[in-house]
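Below are the chains, spelled out letter by letter.
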Amino acid sequence: MIESKIIIPIWIVFNRLTLPYNYSYTLMNVLILGGGGREHAFAIKIQESTLCNNLHVAPGNAGTAQIAKNHSIDILDFEAVKALVNSESIDILLVGPEAPLVEGICDYFKSELPELLVIGPSKAGAQLEGSKAYAKEFMAEFDIPTAAYVEININNIEDGYRYIEENAGPYVLKADGLAAGKGVLIISDGQEAKDSLKKMLNGQFGAASKKVVIEEFLDGVEFSVFVLTDGQYYSLLPIAKDYKRIGEGDKGPNTGGMGAVSPVPFVDDELISEVKKKIIIPTISGLQKRNINYQGFIFFGLIKVNDEPYVIEYNCRMGDPETEVVLPRLQSDLIELFEALRDQKLYEISISKKEEFATTVVMVSGGYPGSYNKGYPITGIEQVTESMVYQAGTIKSDDGGIITNGGRVLAVTSFGKDIQESVNKSLYSIDRIDFEQKNYRKDIGFDL
Ligand code: AMP
Ligand code: GLY
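It should be emphasised that the depicted structure is a prediction, and the values quoted were computed from it without experimental measurement. (Residues numbered from 1 in each chain as written. Chains lettered and ligands numbered in written order. Predicted model: local features only at pLDDT ≥ 70, side-chain atom pairs only at ≥ 80, totals over all residues. Heavy atoms only, no water.)

**Some words on a nonpolar patch on the surface**
Here is the rule: Patches were defined on residues exceeding 30% relative accessible area and lacking a salt bridge, with like-charge contacts within 9 Å and nonpolar side-chain contacts (Val, Leu, Ile, Met, Phe, Trp, Tyr) within 5 Å. Each accessible area is a Shrake-Rupley result for a 1.4 Å probe, and residues are judged covered by the shown protein chains and nothing else. Counted as salt bridges are all cases of a side-chain nitrogen of Lys or Arg within 4 Å of a carboxyl oxygen of Asp or Glu. In this description a helix means any DSSP run of H or I spanning at least four residues, a strand means any run of E spanning at least two, and both kinds are numbered starting from the N terminus. A 1.4 Å probe rolled over the protein chains alone gives each residue an accessible area, and that area as a share of the maximum for its type sets the label: buried under 20%, exposed over 50%, partly exposed in between.
Nonpolar side chains collect at one region of the surface, where Val184, Ile186 and Phe217 lie side by side and expose about 240 Å² of accessible area between them. Summarising the element assignment, Val184 is placed in strand E8 (residues 184-187). What makes Val184 partly exposed here is its relative accessible area of 33%.

As C-alpha cells, this is what we get:
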C-alpha cells in the first residue's frame, strides 16, 4: 500500500499554504540573456526558487557557470536564441540587457513562439530607453515631470546653438540612441557645448547621436526606482542608488556603475507616493494609451529636486549594479512574480523585502573605464564569508580557475544594519579577493 501513496514534497505543501495566488506548480526551465553581475544575481535568485527546474544563461560568465548551464551564443542573433529555447524546452526567457529588447526580441518571440513567457517589453516599449527623444516626447504627452529640452538634428543645429546661447549652463547633451552609458555629456561652457553638439551630430557616437537631446540641468540627488509590470499593474521593487563615477567623491569619468546601495534613506514614504502618482502610474497608463505591450521591468532613473521627483531617464530592464542590491533584498519568489505577470495578476502579489541595508562595491580592472587588460587570475572568492560575490567580467581559465574578462569584474554585496556596516563588510571581503590591477571605490554610500 505504502508504495502507491503519492508523496507530496513538503515544500509544495508549504508553498501552497503561503502563496497568495494559485500557481500551476509546473517547474519552469529558465533562460537568462546576458553575462554581467546583474545576470549572475538573477541566476542566483531564480535558482533559489522552488519553481525553477533547469537554469540556462547565455552567454553568462564564470559565476553563472557554477549554478547554471552557460551557452556561448550571440544574444542579438534571435534565431540562435530560438534554437536554444527549443532545444532546452525553455518556459521563461528573461532578457537582462537592453540591446536585444531595443532590437525587438519580444516581438520576435511573440510571433515565433507565442507560448514562451518573455520578461521584457516589446520593441515599441523599449523605445523608452532606445531613444531619448522618444522618452522626452512621451513624458511631455503624459505630463511626467522631467527636465525641459529641445531635440536637435543636423538640419536644425542652429536651434541648438540658440538654445545654448539663451540658457545658462551647465548644458546636458544626450545622444538619442544607445551609447553604452557614454552618450551623455554635461558641459558648463557654452562654446564647448556648441562644439560638442556639432561633434555628436557628426557621428561621435555613430548613429546613436544623429539626434541629440539638449536638456535643462537638474540639480538634485539621484535614485533608482524599479518596477515589474504586466502592462496594467506593477510591483514596486526595493529602491536603490548607484554610483557611476570611477573616482571617490563622485569624481572622474562615468562607468557602468561602481557600486549601489538599497534602501536609500532620503527616499521616504512621501517621496515614494509622489513617484507613484506623478511618474510610475502615468508611465504605465501612457504605455496603455499608446497600445504598447510592456511586460517586464521599468527602471526609472530619478532625481529629487526641491522635494519633487523628476525623470532623468527610463531604462527598459533592471540596472547594473543596482540589481546586485535589489534582488538580495527581495524575498518574494521571482518565478511566482513572472507567472503573475503572465496572468496579469501582479496586483495579487505583495512584495516582501529584507529591511536591512545592502551595499554592493564593484571591483574593476585597472584602467577602466578607459582601456584595461584582461586575463588576470582571480583568487580568494572562496574565502569570502560575509558577502555575496556576483561575477561580471569573469571567465573560466583553461586550468579551471577564474580570470578577469571585462572592465567590471565582480560586485561584492553585503548586508548591514546601516550603510556603513554593509559597505565595511564588502570592503573586508574585497580584501580577501585579489587580481592584478584591481580597483574599487571605498566610499560607496558616502553621501547618504
Ligand atoms: P543618463 O544616461 O540619461 O542616465 O545620464 C547619465 C547621468 O547624467 C545621469 O545619471 C545624471 O547623473 C546625469 N544627467 C542626465 N541628465 C541630467 C539632467 N537633466 N540634469 C542633471 N544631470 C543629468
Ligand atoms: N546602473 C545604471 C544602469 O544600469 O544603466
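Anyway, onward from the coordinates.
**Topic: the site of ligand 2**
Formally: Proximity is defined per residue: any heavy atom of the residue falling within 4 Å of a molecule or strand makes that residue near it. We define a polar contact as two N or O atoms separated by no more than 3.5 Å, with the added condition that, inside protein, one atom must be a possible hydrogen donor and the other a possible acceptor, whereas residues neighbouring each other in sequence contribute only through side-chain atom pairs. Under the grouping applied here, Gly and all other residues not named as nonpolar or charged are polar, the nonpolar ones being Ala, Val, Leu, Ile, Met, Phe, Trp, Tyr, Cys and Pro and the charged ones Asp, Glu, Lys and Arg.
Around ligand 2, a shell composed of Asp242, Gly256, Phe299, Asn315, Arg317, Gly319, Asp320, Pro321 and Glu322 is seen. Arg317 is positioned such that a nitrogen or oxygen atom in its side chain is 2.9 Å from an oxygen atom of ligand 2. At a separation of 2.7 Å, a nitrogen atom of ligand 2 approaches a polar side-chain atom of Glu322. Isolated, ligand 2 exposes 200 Å² of accessible area, and the fraction of that covered by the protein chains is 87%. Its residues placed into classes, the shell around ligand 2 shows 2 nonpolar, 3 polar and 4 charged.

**Digging into the layout of surface pockets**
Condition: Detection works on a 1 Å grid of protein atoms alone, calling trapped sets that fit a 1.4 Å probe cavities and calling open sets with protein on both sides within 12 Å along at least five of seven lines pockets, with lining residues defined by an atom within 4 Å of a point. Grid points are joined across faces, edges and corners, and a volume is the space filled by probe spheres set on the points.
Considered as a void within the structure, the second largest pocket measures approximately 310 Å³ in volume. Contributing to the lining of the second largest pocket are 17 residues, with Lys110, Leu116, Val118, Asn293 and Gln295 lying nearest its centre. Among the secondary structure elements, those contributing two or more residues to the lining of the second largest pocket are helix H6 (105-112) and strand E5 (117-119). Examining the composition of the lining of the second largest pocket, we find that 4 residues originate from one element, H6, more than from any other. Here the lining of the second largest pocket is built from residues that sort into 9 nonpolar, 4 polar and 4 charged.

**Describing empty space enclosed by the protein**
Inspection of every chain in the model, using the stated rule, returns 2 cavities of 30 Å³ or more. Looking at the largest cavity, its volume works out to about 80 Å³. For the lining of the largest cavity, the secondary-structure elements that each account for two or more residues are helix H7 (123-130), helix H8 (132-141), strand E9 (211-215) and strand E15 (308-315). At 4 residues, the largest contribution of residues to the lining of the largest cavity is made by H8. Residues belonging to the lining of the largest cavity are distributed by class as follows: 6 nonpolar, no polar and 6 charged. Quantified by volume, the second largest cavity comes out at close to 30 Å³. Ranked by residues supplied to the lining of the second largest cavity, first place goes to strand E21 (residues 408-416) with 3 residues. Tallied by class, residues from the lining of the second largest cavity come to 4 nonpolar, 1 polar and 3 charged.

**Structural notes on the confidence of the model for the protein**
Quick note on the threshold: A score between 0 and 100, pLDDT records how confident the predictor is in each residue. Throughout, a contact is declared for two residues whenever any of their heavy atoms are within 4.5 Å.
Mean pLDDT over the protein: 93, with 95% of residues reaching 70 or higher. Across residues 1-19, where pLDDT falls below 50, the model places 10 contacts with residues more than four positions away in sequence or in other chains.

**Let's talk about the site of ligand 1**
Of all residues adjacent to ligand 1, which total 14 residues, the nearest are Glu215, Glu216, Leu218, Glu222 and Glu313. The side chain of Lys244 places a nitrogen or oxygen atom 3.1 Å from an oxygen atom of ligand 1. Relative to its free-state accessible area of 470 Å², ligand 1 is covered by the protein chains to the extent of 90%. For the shell around ligand 1, the elements supplying multiple residues, two or more each, are strand E7 (171-175), E8 and E15. Along the lines of polarity and charge, the residues of the shell around ligand 1 split into 7 nonpolar, no polar and 7 charged.

**Quick word on unusual backbone geometry**
Going from Ala58 to Pro59, the amide bond is cis rather than trans, its omega being -5 degrees. Assignment of secondary structure puts Pro59 in strand E2 (residues 52-59). For Gln344, which is not a glycine, the phi torsion comes out positive at approximately 55 degrees. By the element assignment, Gln344 lies in the loop between helix H13 (334-342) and strand E16 (357-365). In this model, Gln437 sits at a positive phi of 65 degrees, which is unusual for a non-glycine residue. Inspection of the secondary structure assignment puts Gln437 in the loop between helix H14 (419-432) and strand E22 (438-439). With a relative accessible area of 41%, Gln437 lands in the partly exposed category.

**Remarks on the packing of aromatic side chains**
Heads up, the condition is: Within 6.5 Å between ring centres, the rings of Phe, Tyr and Trp (the latter by its six-membered ring) count as paired, and their orientation is classed by plane angle as stacked under 30 degrees, edge-to-face over 60, tilted in between. Note on geometry: a ring has a charge over it if NZ (lysine) or CZ (arginine) is within 6 Å of the ring centre and within 35 degrees of the ring normal.
The tally for this structure, following the rule as stated, stands at 13 aromatic pairs. When the centroid spacing of 4.6 Å and the interplanar angle of 55 degrees are considered together, the rings of Tyr233 and Tyr347 count as tilted. Of this pair, Tyr233 sits in the loop between strand E10 (221-229) and strand E11 (234-236) while Tyr347 sits in the loop between H13 and E16, placing them 114 residues apart in sequence. Look at Tyr347 and you get partly exposed, because its relative accessible area is 47%. Cluster of aromatic residues (ring-pair linked, three or more members): Tyr134, Phe138, Phe142, Phe300 and Tyr314. Over the ring of Tyr243 we find Lys241, and its NZ or CZ is 5.2 Å from the ring centre. Geometry around Tyr428 places Arg432 over its ring, the cationic atom sitting 4.1 Å from the centre.

**Some points on the sheet that holds E5**
Threshold: Any two strands with at least two DSSP-identified bridges between them are counted as paired. Axis definition: a line fitted to C-alpha atoms, over the contacting stretch in the case of helices. Angles run 0 to 180 degrees between N-to-C directions.
Pairing in this open sheet of 5 strands is parallel, and the strands run E3-E2-E1-E4-E5 from one edge to the other. In this open sheet, the two strands that pair with only one neighbour each are strand E3 (69-70) and E5. One ladder, built from 4 bridges, connects strand E1 (residues 28-34) with strand E4 (residues 92-95); its direction is parallel. From the neighbouring strand, Leu33 faces E4, where its bridge partner is Val95. Helix-sheet contacts for helix H2 (residues 37-47) involve E1, E2 and E4, and the interaxial angle to E1 is about 170 degrees. Across the sheet, H6 touches E1, E4 and E5, and the angle it forms with E4 is around 165 degrees.

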